[in-house]
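A closer look at the structure
Here is what each chain is made of, one letter per residue.
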Amino acid sequence: MDPENLNPWPAIRPSSLKSRVEGEHQPSMLMNRKVDCLSFSYKIQNNMPANLTPQYLEAELKFKQAKTTPEKIKALEVMMAVIPKHKGTERLRGQLKSRMAKLKEELQKRPTVGRAEQVYNVKREGAAQVVLLGLPNSGKSSLVSRIKNASSEVADYPFTTQRPVPGMMKFENLQIQLVDTPPIQLDHIEPGFPNLIRNADALLLLLDLTDDPVFQMEVLLEQLIDMRIKAVGKGPIPSLETGWACLRALVIGNKCDTKNAMSAYREVEERFKGAFSILPISAKEGMNFDELKKEVYQLLDIVRVYTKVPGKEPDLSEPVILKKGSTIGDVALSVHKDFAAKLRYAKVWGSGKFDGQMVKRDYPVNEGDVIELHI
Ligand SMILES: Nc1nc2c(ncn2[C@@H]2O[C@H](COP(=O)(O)OP(=O)(O)O)[C@@H](O)[C@H]2O)c(=O)[nH]1
Ligand SMILES: [Mg+2]
């Protein structure tokens, strides 16, 4: 008999999959795992083509090889993130979900804080809140833990992140809050996740350069659209229909320390550089962190100005943070509302025609200006 006829899932072995799968794993391993894998039993039950992708099959293999519960969760997260979303996979997606629920139960009791949404409330701290988004294993937890403490080592094993975890990133005289998040999954959005994102000042879209980053980027954008969130890299923020949110986003290619990462990076650039700023980093090695911090700051569209009282030097360690385009009136308001009401004029050092220039309330301030308010 033709051995091909014995293949229970011909629909999921297109030539592109074949080359990828055979490049990275022994075909025999894949053959062996057909017997009891989720997708196979699913196919038998439904007889509908699932058209599972190479990414899915790889994750499934990892799932089957996983020994510990966190490893299993991690692999299952990837499966749930990349499983094609259509009628043919509906039941399988249900199975994955319930398996995930069981594993999470095993790992730890649900947090006692209350509803899932509450777990997703992250108290804002510092000059701005930036939320990190990525598929499982892109390196979100590694980046936050490494950047908040330059000397910390990144663990070689994956963390399973089940709720947002904030960490502070220092940039010059500012502290910016980075929020590590549970992975984005194609099939499931935790309640509270959309709000967490909407409330952020900007997003970092983290891609793993060792694993088809263009595909990951597509998944991220698609999931954001599902949450009615538009990520905007370059150019003006468009006005959107009600119910939609628009957020600045920077794309980061992580793991640039690995072999072939830069060619994957160039693919991302080719595809997305028109729309987004893109930056290669290594969370593990701490590579390009200075550049990353600068880019994050630029993404925030803010300016720092410093106030002083007449006859004294300004405190340059205490910036007043304002949206770009703010005026002297806004500076006064940030000090005190009475100040804003009573303001007569200000003196500006830095951006004016000459130091100590007298300006009115509607004068637009620039990055680094020193301002003396007069009431
Ligand atoms: N080579 C390399 N590995 C990394 C880097 N960042 C993270 N990893 C590894 O990738 C895996 C997943 O990292 P993790 O931070 O848990 O990803 P998360 O799921 O996005 O939070 C771990 O095994 C990390 O050690 C990096 O820059 N380079
Ligand atoms: Mg994590």
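Residues numbered from 1 in each chain as written. Chains lettered and ligands numbered in written order. Predicted model: local features only at pLDDT ≥ 70, side-chain atom pairs only at ≥ 80, totals over all residues. Heavy atoms only, no water.

Turning next to the overall build of the protein. From N to C terminus, the protein includes 15 helices and 12 strands. The 375 residues of the protein split such that 49% are buried. In the protein, the share of contacts with a sequence separation of at least 24, taken over all contacts with a separation of at least 6, comes to 66%. Element-wise, carbon and sulfur atoms account for 51% of the exposed surface of the protein, whose accessible area totals about 19100 Å². (Helix = DSSP H or I, 4+ residues; strand = E, 2+ residues; numbered from the N terminus. Buried < 20%, exposed > 50% of the residue type's maximum accessible area, 1.4 Å probe, protein only. Contact = heavy atoms within 4.5 Å. Areas by Shrake-Rupley, 256 points an atom, 1.4 Å probe, with all protein chains shown as cover.)

As summarised here, the arrangement of the five strands in space is β9-β8-β12-β10-β11, forming an open sheet in which the pairing is mixed. In the strand order of this sheet, the two ends are held by β9 (320-323) and β11 (357-359), each with one partner. In this sheet, neighbouring strand axes are inclined to one another by 40° on average, regardless of whether the strands run parallel or antiparallel. As paired elements, strand β10 (residues 345-349) and β11 share three bridges and run antiparallel to each other. Considered in β11, the bridge of Val 348 is made with Gln 357. Lying over the sheet, helix α14 (residues 328-335) contacts β8 (302-308), β9, β10, β11 and β12 (370-374), oriented at roughly 75° with respect to β12. (Pairing = 2+ DSSP bridges. Axes fitted to C-alpha atoms, helices over the stretch in contact; angles between N-to-C directions.)

So, on to the nonpolar core. Tyr 56, Leu 133, Ile 197, Leu 203 and Leu 205 are the most contacted members of the largest nonpolar core, which has 57 residues in total. The biggest single contributor to this core is helix α6 (residues 69-82), with eight residues. In contact with Leu 205, other than residues within four places in its own chain, are Leu 133, Met 217, Leu 220, Leu 221, Leu 224, Ala 231, Ala 249, Leu 250, Val 251 and Ile 252. Within the second largest apolar cluster, 26 residues are counted, among which are Ala 128, Leu 132, Leu 174 and Val 296. (Core = buried A, V, L, I, M, F, W, Y, C linked by side-chain atoms within 4.5 Å.)

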